[in-house]
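Next come the chains, spelled out residue by residue.
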Amino acid sequence: MKMMKTLIVYEDGSPELERTARSIAERLDSARHEARVRAASAVTIPEILASSLFFFGADAPASPSYAEIARVVAGMNLAGRKAAYYGASGAAVAWLKGIVADSDLQAAGADLVAPRPDPQALAAWLRNIA
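Residues numbered from 1 in each chain as written. Predicted model: local features only at pLDDT ≥ 70, side-chain atom pairs only at ≥ 80, totals over all residues. Heavy atoms only, no water.

A. Focus on the nonpolar core. Of all hydrophobic cores here, the largest spans 22 residues; its most connected members are V9, I48, F56 and Y66. Listing elements by their share of this core, those giving two or more residues are β1 (4–10), β3 (53–58), α3 (67–73), β4 (82–87) and α4 (90–99). If you look at the next biggest cluster of nonpolar residues, it comprises 18 residues, including V37, A39, L53 and L126. (Core = buried A, V, L, I, M, F, W, Y, C linked by side-chain atoms within 4.5 Å. Buried < 20%, exposed > 50% of the residue type's maximum accessible area, 1.4 Å probe, protein only. Helix = DSSP H or I, 4+ residues; strand = E, 2+ residues; numbered from the N terminus.)

Structure follows, in structure tokens:
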């Protein structure tokens, strides 16, 4: 079975989001997913192009750390790939969806909106996505 390249992105400067991103990576089936965890400002175009599943996380709308991702993804066709969104607020998640709207990414499932998701909620959310 081919490994799914999975990119897990979190807003720079948010220890809680980074912790959630790392928890997502740890809970993904390593036999099916080749997961990379990156702060938003560290994401590269080749990583975006190589990935087929994305997790985007933010604490607040309009995070400056996502500026380059927003600029680059606006000109990409990512049809056939999926994205899941997590964050501290519904507004942050809605903003994340907005910055990738023109890329044709498909939603992978429900959003995870919680400032500090507990392990059981995170596990249940992932079961419906990956």
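Structure shown, so let's carry the discussion forward.
B. Broad picture of the pattern of salt bridges. For the structure on display, the rule yields eight salt bridges. Among the ionic pairs, D111 bridges to K97, the shortest N-O distance being 2.8 Å. With D111 in the loop between β5 (106–107) and β6 (112–113) and K97 in helix α4, the pair connects residues that are 14 residues apart, well separated along the chain. Judged by relative accessible area, K97 falls into the partly exposed class, the value being 33%. Among the charged side chains, a salt-bridge network with shared partners connects E16, R19 and R116. (Salt bridge = Lys/Arg side-chain N within 4 Å of Asp/Glu carboxyl O.)

C. Representation of the packing of aromatic side chains. Under the definition given, this model contains six aromatic pairs. A network of ring pairs unites the aromatic residues F54, F56, Y66, Y85 and W95 as a single cluster. (Phe/Tyr/Trp six-rings, centres within 6.5 Å; stacked < 30°, edge-to-face > 60°.)

D. Just the packing of helix α1 (residues 15–27) against helix α5 (residues 119–127), in detail. Interaxial distance between α1 and α5 falls to 11 Å at its minimum, and their mutual angle equals 55°. In this view, α1 runs oblique relative to α5, as classed from their interaxial angle. α5 is crossed by α1, and the crossing has right-handed handedness. Contacts between α1 and α5 involve T20, S23, I24 and R27 from the first element and P119, L122, A123, W125 and L126 from the second. Across the contact of α1 with α5, the residue classes break down as six nonpolar, two polar and one charged. (Axes fitted to C-alpha atoms, helices over the stretch in contact; angles between N-to-C directions. Parallel < 35°, antiparallel > 145°, perpendicular 65-115°, else oblique. Left-handed = near helix turned anticlockwise from the far one by under 90°. Contact = heavy atoms within 4.5 Å. Nonpolar A, V, L, I, M, F, W, Y, C, P; charged D, E, K, R; others polar.)

So, to be careful, I would describe these as geometric facts and stop short of saying anything about function.
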